[in-house]
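Survey of secondary and tertiary structure
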Amino acid sequence: MLLTREEEKGLLGEYGNALAAAYRILVAIGEATDAEKLVPIKWAHVSGVNYNTIGDSGLEFLKEISRDGKVKVATSLNPMGFDRENLPDLSLEFIEKQMEITRAYSKLGVTPTFSCIPYEIMSLPNEGTQVSLAESNAAVLANSYLNLITNKESALSALASAITGKSPYSDLRIEENRNPKIKIVNELDLESELDYGLLGYFAGKTIQRSCTGICNISNVTEAWNMKSLAAGIGTSGSCGMFRLQELDTPMEKVNYGERERRETLDELNTSDDGQVITFGSPQLGMEELSKLQTLLQHKKFTKPCKVFCPKMVYCKAKKVGLIETLQRAGIDFISDACTCLTPLITKKNYDSIITNSVKASYYMKTSNKLSVALMSLKSIIKKYTKS
Amino acid sequence: MREFDLKIGCKKIVNGKARGKVLLFQKPLNFLGMVNTNTGEITNIEDRTETYQLRNRILVFPNSIGSSVGAYTIFSLKSNNVSPRGIICTNKVDITTASGCAISNIPLAFINKENYRKFIEAIEDHFNSNEIEILLDTEREIISVD
């Protein structure tokens, strides 16, 4: 990858250690993806915030890079481990270390959104703009729906892009790579957000390319469905984009029918029941909170129910009375965090959870070692509410 | 210095030299979901129940998948002294693995299909391919197989 003279100086440390580390990361990615050059980006979204996932070494890295590092573009931030304004019963050490991480990001100039759905709470750049999004559901959604351009970035590549304002020009950043060479042909009636999530998980796992085509799906304009699809794709593979295709577009295809759905569900659904219901991986936005209210019809949950949403969404929903209504239904709100990998839902507290999220199901199973009853929102409400 | 029998070409992604026993996986790995950063153990591989140890190995696998935070997992493994000594990707070098190795100074290389085939041929004669020692020299872009 060719660097300009200024970029070269940055890499050699003439502008400080943070910039040098950032360029080192970008050069490695440039080599890995055969990029010819770096291109400017306008927005970065950084993951690697939760102390549960990045640990002491991640904290030390952030403290070090924030000594002389500053972001050059608008930069949003993924969820952390808990709600800043509603401190949970966690060890003081955890809370202090989590706050040290947030202070390091603040010093870097990152906006403390603590959200994995930044596309619902940030003002977005113009369509066709190069951005750098680390959160996998956000990257897939931005490429596939918002007409923004990003690779499926890592926590560190997005941070490096935030600090330099640049990213290697490769893969999905090049127009010709945004046309799928293979497509998933859906043969099923997709009735729920879970169905979309399962299709996404299957697509991500099956398609080893950066962009996949998907045929024969509808109703993806509903927020929960499109977020489930994007999160499913982002969880199971390295694919960073999907494009809706006509059935007769000639290209290699993979069918997704009842057998494929069953096998995907069997992989993720490990229990018939659970101790707590969780919604929000990715976090819920206003549209989903409204849908929850509509479906509940004044019924109450018979098991503890936790909803994860960004603080900004929580405040907006509170203003219109939505939060109060949902709290009366037994919902406990947690902002700033997400179902996945929060220390609030671990083996210490629970053996099993109930959720409609394939992403939560995957990480609860593999990382937190919990059993998961995976079912649709409607099924959860039918089974676990009463008047 | 010990001599190796076979030399296979590779592409340098992160500079360095590492010697160790091979840990070979045929399917992609999700570092965040599968790896314990305190112990270097890796589980949930290819629907198998076994646990494998990353520490001091040369990890050979197609590419990483899933969470963007996997890059920090690689860094944590290194900080906790339980990381692989080197990594070789056989399908593509994804951004998570490249960025994680870049800040951890773990030598990282890519081998193309042709060289991967040679690599597999070289190690498949052994009873247990995970016991074979190799030398990864990304500066010279060579993998040497014992």
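Presented here is an overview of the structure given in this document. Given the structure is predicted, the values throughout are model-derived calculations rather than measurements.

1. A short note on the overall build of chain A
When helices and strands are counted, chain A shows 14 helices and 16 strands. Evaluated residue by residue, chain A yields a buried proportion of 64% over its 387 residues. When contacts within chain A are restricted to residue pairs at least 6 apart in sequence, those whose partners lie at least 24 apart make up 79%. In the structure as shown, chain A presents an accessible area of about 15,300 Å², 48% of it carried by carbon and sulfur atoms.

2. With respect to helix 3 (residues 95–104) of chain B
Residues and elements named next belong to chain B. Of all 10 residues making up helix 3, 10 are buried, and the element is well covered by its neighbours. Listed as buried for helix 3 are Ile 95, Thr 96, Thr 97, Ala 98, Ser 99, Gly 100, Cys 101, Ala 102, Ile 103 and Ser 104. Between the side-chain oxygen at the start of helix 3 and the backbone nitrogen of Thr 96 there is a gap of 3.1 Å, and the oxygen is on Asp 94. Phi turns positive, to about 55°, at Asn 105, one or two residues after helix 3.

3. A word on the sheet that holds strand 2 (residues 43–46) of chain A
Residue and element names in this part refer to chain A. Taken in spatial order, the 3 strands line up as 3-2-4 in an open sheet, and their pairing is parallel. The sheet terminates laterally at strand 3 (74–77) and strand 4 (132–133), the two strands that pair on one side only. When strand 2 meets strand 3, the two strands line up parallel, connected through 4 bridges. Bridged to Ala 44 within strand 3 is Thr 75. Relative to the sheet, helix 6 (residues 155–164) contacts strand 2, strand 3 and strand 4, its axis offset from that of strand 2 by approximately 145°.

4. What about the pattern of salt bridges?
Residue and element names in this part refer to chain A. Evaluation of the coordinates by the stated rule reveals 28 salt bridges over all chains. When the shortest N-O distance is used, the salt bridge between Glu 7 and Lys 166 registers 2.9 Å. Here Glu 7, found in helix 1 (residues 5–11), pairs with Lys 166, found in strand 5 (residues 166–168); they are 159 residues apart in sequence, far enough to count as distant. Take Lys 166: its relative accessible area is 22%, and that puts it in the partly exposed class.

5. Some points on the pairing of strand 15 (residues 371–374) of chain A
Residues and elements named next belong to chain A. Where strand 14 (residues 352–355) meets strand 15, 4 bridges bridge the pair, whose relative direction is parallel. For Thr 355, the partnering residue across the bridge sits in strand 15 and is Leu 374. Each parallel crossover has a hand, and for strand 14 linked through helix 13 (residues 358–366) to strand 15 it is right-handed.

6. Here's the deal with the nonpolar core
In this structure, Leu 62, Tyr 105, Leu 159, Phe 279 and Leu 292 of chain A together with Tyr 72 of chain B are the most contacted members of the largest nonpolar core, which totals 158 residues. Here the element with the most residues in this core is helix 2 (residues 17–32) of chain A; it accounts for 10 residues. When sequence neighbours within four positions are dropped, the list of residues in contact with Leu 292 of chain A reads Phe 279, Leu 284, Val 307, Leu 326, Ile 331, Leu 377 and Ile 381 of chain A. Within the second largest apolar cluster, 20 residues are counted, among which are Ile 111, Tyr 116, Ala 122 and Ile 143 of chain B.

Conventions we followed
- Residues numbered from 1 in each chain as written.
- Chains lettered and ligands numbered in written order.
- Predicted model: local features only at pLDDT ≥ 70, side-chain atom pairs only at ≥ 80, totals over all residues.
- Heavy atoms only, no water.
- Helix = DSSP H or I, 4+ residues; strand = E, 2+ residues; numbered from the N terminus.
- Buried < 20%, exposed > 50% of the residue type's maximum accessible area, 1.4 Å probe, protein only.
- Contact = heavy atoms within 4.5 Å.
- Areas by Shrake-Rupley, 256 points an atom, 1.4 Å probe, with all protein chains shown as cover.
- Polar contact = N/O pair within 3.5 Å; in protein donor to acceptor, adjacent residues only side chain to side chain.
- Pairing = 2+ DSSP bridges.
- Axes fitted to C-alpha atoms, helices over the stretch in contact; angles between N-to-C directions.
- Salt bridge = Lys/Arg side-chain N within 4 Å of Asp/Glu carboxyl O.
- Right-handed = clockwise from strand over helix to strand, strands pointing away.
- Core = buried A, V, L, I, M, F, W, Y, C linked by side-chain atoms within 4.5 Å.

Any link to function would need more than the numbers given here.
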